[in-house]
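Residues per chain, in single letters:
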Amino acid sequence: MKSILDQSGPVDDVASAKVRLPVARFRDASEASKRVAREIAQLIRQRASENRRCVLGLATGSTPVRVYRELVRMHREENLSFFNVVTFNLDEYFPIKPESPQSYHRFMNENLFNHVDIIRSNVHIPSGTIPLENVSGYCRDYEDLILRSGGIDLQLLGIGRTGHIGFNEPGSTRDTLTRMVRLDSLTRKDAAKDFGDLDRVPLLAITMGVDTIMQSKRIRLLAFGEHKARIVQKALQNRMSSTLPASYLRQHPDMQYLVDGAAASCLPPSIFGTPLQ
Ligand code: PGA
């Protein structure tokens, strides 16, 4: 059987089309993470100086951990306050209890929220415990909350080996909103190490949709390591389609990929919009 990574369309010749895609390559994951953390901190401070809130879309997984570490450091050492920050997380497994070790509620508390001065009622993470019959209303309310908060100023993203953003797996169309989804088998396989066993990985999740993500004012996608190199190349160069949801990000007016050398290893040199950092 064909693997999911072989199913996408033809490769566009980005160089000959003279398209400069917003990809910045960094020496390592730490440098890229610090760059994004600095951008987030600047945005938070700028908004605070205008007496406005800063709405952040946040991601989980191994990729953003260093960004959160740097933000916590800036909170401790550089007086960065999260008092005006409102957050919306991309996704959560379903079902899952918030105190479960693999829950994204727990991840966010341990990596960020427990260490900064964010107002808890400003934190939003899709629930993994709502009754099934309430899910669609719950997802509509999540969208509504994002809109009423003024929309996401900056959305932080990782990318899964399926090409997912959030848990928008292959098949997720450009117009999708927050909803319940079935996890791709490759995503579940990648999550098995966290759950100890593939059978313990939930089959479902609640995720913001592709359109929810695309409505963010800025998008910053981080990808680190050799295991992300092929999917990064495809997301940037293959035909835009629902077989690779991350490919839609190329339509966004303020989107940037921040990658390390290993994740950039399948990209042609002509693709880099900014020089090596
Ligand atoms: P990772 O996951 O950061 O653990 O690699 C990224 C993702 O699935 O979006």
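See above for the structure.
Being a predicted model, the structure only gives us computed values, none of them experimental.

A. Representation of the environment of Ile-206 in the model. Within the element layout of this structure, Ile-206 appears in strand β8 (residues 204-207). The buried category is assigned to Ile-206, whose relative accessible area is 0%. Sequence separation between Ile-206 and Gly-160 is 46 residues, and the spatial gap between their C-alpha atoms is 16 Å.

B. Looking closely at helix α4 (residues 135-148). For α4, built from 14 residues, the straight-helix expectation of 20 Å at 1.5 Å per residue is met to within 8% by its first-to-last C-alpha distance of 20 Å. Those residues of α4 that fall on the buried side of the exposure criterion are Val-135, Cys-139, Tyr-142, Glu-143 and Ile-146. Relative to the axis of α4, the buried residues are bounded by an arc of 95 degrees and lie together on one face. Turned more than 90 degrees from where α4 packs its buried face, Arg-140, Leu-147 and Arg-148 sit exposed. Against β3 (85-89), β4 (91-94), β5 (123-124), β7 (179-182), β8 and α6 (210-214) lie the buried residues of α4. Positive phi shows up at Gly-150, right after α4, with a value of about 105 degrees.

C. Main features of the pairing of strand β9 (residues 218-223). Counting buried positions along β9 gives five out of six residues, so the element sits mostly inside the fold. Sheet analysis places strand β6 (residues 154-157) next to β9, joined by four bridges and oriented parallel. When the bridges of β9 are listed, Leu-154 appears paired with Arg-218. As judged from the five bridges shared by β9 and strand β10 (residues 255-260), these two strands associate in the parallel manner. Looking across to β10, one finds that Leu-221 is bridged to Tyr-257.

Basis of the calculations
- Residues numbered from 1 in each chain as written.
- Predicted model: local features only at pLDDT ≥ 70, side-chain atom pairs only at ≥ 80, totals over all residues.
- Heavy atoms only, no water.
- Helix = DSSP H or I, 4+ residues; strand = E, 2+ residues; numbered from the N terminus.
- Buried < 20%, exposed > 50% of the residue type's maximum accessible area, 1.4 Å probe, protein only.
- Expected span 1.5 Å × (residues − 1).
- Arc of directions from axis to C-beta.
- Contact = heavy atoms within 4.5 Å.
- Pairing = 2+ DSSP bridges.

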